[in-house]
Structure formats: structure tokens, C-alpha cells
Amino acid sequence: MEIYQLRTFLAVARCQHLTRASEQLHVSQPAVSKHIKALEEELGLTLFERTPSGVFLTKSGKEIFHLAEVTLSSAMALTNKAAQLRGEVAGTVKLGTIVDPESLRLGEFLARMLQWHPMIDVKLKHGISGEIAQQVTAGDLDAGYYLGRVEMPGMGALELRKVVYVVIAPASWAQKLHGATLQDLAGLPWVGPNLQSSQHRILHDLFADAGVAPPTAAIEVDQESSMISLVKSGVGLCLMREEVSRSDVANGDLVMWEGVIPLCPLSFIYRENRKSDAPIATMLHVLESMVEENPAPPSAVGTAEFDVSSDR
């Protein structure tokens, strides 16, 4: 039995809703469901009754609720005491996040921080890559996640994985995309990303490297879900993470351009002169352990990669 399973169990029991519990825990709803299923299988009990209006504790769930509270409290007290005996660093760190928690493995990261460094309080601020980089540079954030090549002076980076981007279009545009060149794509309408987003930089570099003038966006949007919705509606093309658009392409709601787009690094960034600061060092230690234990699998889409070091 894992501590994070008990934490998820208690959160769902209190919220009586999987989505609200996932938001509270900063993990995806599928991850919450997976934690509950694993706990139920280990205990051999059905802990929740699923209904259209929410999830509610069964009789068995109510019976173990208090024990779960006591167990979690005792485990955290033990961890905190051990940290005190080690003289571990304490304090608050401000961390910038982007995209969705599941893509960042944010829930796993926060769970490990809580388990290994319980005296560090992590405060999250969501944004887009360009904004996060500016705030880390200015000192408004201690560190953050960033999509794209890390080229800011004085910025350190730990590469976590490569992200695949694809060009997607309305399903009715299949003939337009078949065999299309970048020159052809530049002449079509686009749903453009925010100027400070990773999509904007990748899109600009893609066309610039091919000697083609980047397309002008018919409309600018700063949320991936809104971009996909507009593409489905026939507004235009857009650049999107493959992992986000995969199901819509498979279902035939969208079509994907066949061309290859350079892979985009997802990195954890921080000021290089703060690399030895205890909060930064502890976060790097946790993230490095996650990368070592569960390295990203080779991508099935795209082959070219940006040339980026793991720490610059």
C-alpha cells in the first residue's frame, strides 16, 4: 500500500467527485481512478459507489476512512520527524507549470517532494513557457517547466523528455494536406498560438529553417483545447502536441500533416547561479530520479531533434 493511494482515497472521499479531487491533488482524473482501483484491489474491498452525481463511500469505505486518516497522519509525522533529525532544508519554493499536469508528471513530482522533502512547501503558478521563463529570470519564480530550446543567458535546464508536435487540420482538409509542402501550408489559414508560447517558436523556426515565410494567423488562441475546437470547426490549421491530438486524429475528427517536425525538449529551468541553492537542488534531485526510473520511450512520430544539452 502506497501513501499516495491513501491521500487519493481521502481526497475523493471528501470531495465526492473525481475531477475535483484530481484538481486538489494536481494529478489527472485517470491517475486518481488508477490509485483508487489499485487500493481497492489490494484491500479486496469496493470503497466507492459511482453515481451520475458523484462518488460516495460504500459501507466498507466508511469503515476504513478514519483508519486511513490516522495512517496518513502517522506516516507524515514520521517523515517530518526524520527530516528534522536530518536537518533538512525547509521553506517555500515558487514553481511555474505549463500545459497539463499529466504531461509534466506533476502529481508524481509533488508526491515525491512531499515524501522526501516534507519541509519544503511548493507553490504552483500556471502559465505558458515564455511567461514562465521571464518570471524565473526576474526571480518571481524559483523554477519552472519550459517547452523549447533553452537559449536564455544564465538559464540552467534539466531536460525531462522530448515532445512531438504535429500540424493538424479539419478532417475535410485531407486532400489539401496530402503531399503538401511547407510552402503549401503557409498559404492556408492558421489558428495561431500565443506569441510567448512554445508552439509559436516551433512554428516560426519550422518555416524559417525551410526558407518559407511563416504563415499569418487568422486567429490567435492561448489554450490548446480552444485551438483544437477551432480546427475541428474548419477555421484553419494549427500546430499541436501529438499526445493531445492523437485520439481526435484516430477517430477521424482531425487529419495530420505527414511532414516531420523537430522534436521539442520539455525542460525544468532555473537560474544557473541558483543551481546549488537547497530548494533548487532538491527539486533537481527528485526530477532526476524520476527520469532515471522511468525514461521517456522513443517517439513514434518524427525523427529530427533539436540540439539541446541537458544542462545549460
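Rules and cut-offs
- Residues numbered from 1 in each chain as written.
- Predicted model: local features only at pLDDT ≥ 70, side-chain atom pairs only at ≥ 80, totals over all residues.
- Heavy atoms only, no water.
- Helix = DSSP H or I, 4+ residues; strand = E, 2+ residues; numbered from the N terminus.
- Expected span 1.5 Å × (residues − 1).
- Contact = heavy atoms within 4.5 Å.
- Pairing = 2+ DSSP bridges.
- Axes fitted to C-alpha atoms, helices over the stretch in contact; angles between N-to-C directions.
- Parallel < 35°, antiparallel > 145°, perpendicular 65-115°, else oblique.
- Left-handed = near helix turned anticlockwise from the far one by under 90°.
- Nonpolar A, V, L, I, M, F, W, Y, C, P; charged D, E, K, R; others polar.
- Phe/Tyr/Trp six-rings, centres within 6.5 Å; stacked < 30°, edge-to-face > 60°.
- Buried < 20%, exposed > 50% of the residue type's maximum accessible area, 1.4 Å probe, protein only.
- Lys NZ or Arg CZ within 6 Å of the ring centre and 35° of its normal.
- Salt bridge = Lys/Arg side-chain N within 4 Å of Asp/Glu carboxyl O.

Student: How would you explain unusual backbone geometry if you had to name every residue and give the values?
Tutor: Backbone phi values are negative for most residues with the exception of glycine, while trans is the configuration of most peptide bonds. The residue Gln 16 is not glycine, and still its phi comes out positive at about 55 degrees. Relative to the elements of secondary structure, Gln 16 occurs in the loop between helix H1 (3–15) and helix H2 (18–25). Notably, Arg 105 is not glycine yet its phi reads approximately 55 degrees, a positive angle. Mapped onto the secondary structure, Arg 105 falls in the loop between helix H5 (101–104) and helix H6 (106–116).

Student: Which residues make up helix H3 (residues 29–43), and what are the values?
Tutor: Counted at 1.5 Å a residue, the expected span for H3 with its 15 residues is 21 Å, and the 21 Å between its end C-alpha atoms agrees. Packed against the buried residues of H3 are H1, H2, strand E1 (48–51) and H5. Downstream of H3 by one or two residues, Gly 44 has phi in the positive range, about 70 degrees.

Student: Before we move on, can you summarise the sheet that holds strand E11 (residues 254–256) with the specific residues and values?
Tutor: Taken in spatial order, the 3 strands of this open sheet run E10-E7-E11, and their pairing is antiparallel. Only two strands of the sheet have a single neighbouring strand rather than two, namely strand E10 (238–241) and E11. Going from strand to strand, the sheet's axes swing by 50 degrees on average, the running direction of each strand aside. Relative to E10, strand E7 (residues 165–170) runs antiparallel, the two being bridged by 4 bridges. Looking at E10, one finds that Val 166 is bridged to Met 240.

Student: Please give an account of the environment of Ile 98 that cites residues and values.
Tutor: Structurally, Ile 98 can be placed in the loop between strand E3 (91–97) and H5. C-alpha of Ile 98 to C-alpha of Lys 125: the two residues are 27 residues apart in sequence and 8.7 Å apart in space. Once residues lying within four places of it in the same chain are set aside, the contact partners of Ile 98 are Leu 104, His 126, Gly 127, Ile 128, Ser 129, Ile 132, Tyr 145, Tyr 146, Leu 147 and Leu 266.

Student: Residues and numbers for the packing of H6 against helix H13 (residues 278–293), please.
Tutor: Interhelical geometry of H6 versus H13 gives an angle of 125 degrees and a closest axis separation of 10 Å. Accordingly, the angle class assigned to the pair H6 and H13 is oblique. Along this stretch, H6 crosses H13, giving a crossing that reads as right-handed. The segment H6 lies against H13, with Glu 108, Phe 109, Arg 112, Met 113 and Trp 116 engaging Thr 282, Met 283, His 285, Val 286, Leu 287, Ser 289, Met 290 and Glu 293. Class assignment for the residues of the contact of H6 with H13 results in 7 nonpolar, 3 polar and 3 charged.

Student: Provide a residue-level description of the packing of aromatic side chains, including the pertinent values.
Tutor: Summed over all chains, the structure comprises 5 aromatic pairs. Measuring from ring centre to ring centre gives 5.9 Å for Tyr 145 and Phe 268, while their planes differ by 80 degrees; the resulting arrangement is edge-to-face. Taken as a pair, Tyr 145 in strand E5 (residues 143–147) and Phe 268 in strand E12 (residues 264–271) lie far apart in primary sequence, 123 residues in all. Side by side, Tyr 145 and Phe 268 carry an identical accessibility label, which is buried. Arranged with centres 6.3 Å apart and planes meeting at 40 degrees, the rings of Phe 268 and Tyr 270 form a pair that is tilted. For Phe 268, a relative accessible area of 0% puts it in the buried group. For Tyr 270, a relative accessible area of 1% translates into the label buried. Aromatic ring contacts, followed pair by pair, group Phe 9, Phe 48 and Phe 65 into a single cluster. For Lys 176, the ring lying beneath its charged end belongs to Trp 173, and the centroid distance is 4.3 Å.

Student: Report on the pattern of salt bridges, specifying residues and quantitative values.
Tutor: Side chains that differ in sign of charge can pair as their charged atoms come close. Enumeration over the complete set of coordinates arrives at 16 salt bridges. The salt bridge involving Arg 50 is made with Glu 40; its shortest N-O contact spans 3.4 Å. A residue pair is termed long-range when its members are at least 10 positions apart, and Arg 50 in strand E1 and Glu 40 in helix H3 qualify at 10 residues. Accessibility expressed as a relative area gives 48% for Arg 50, which makes it partly exposed.

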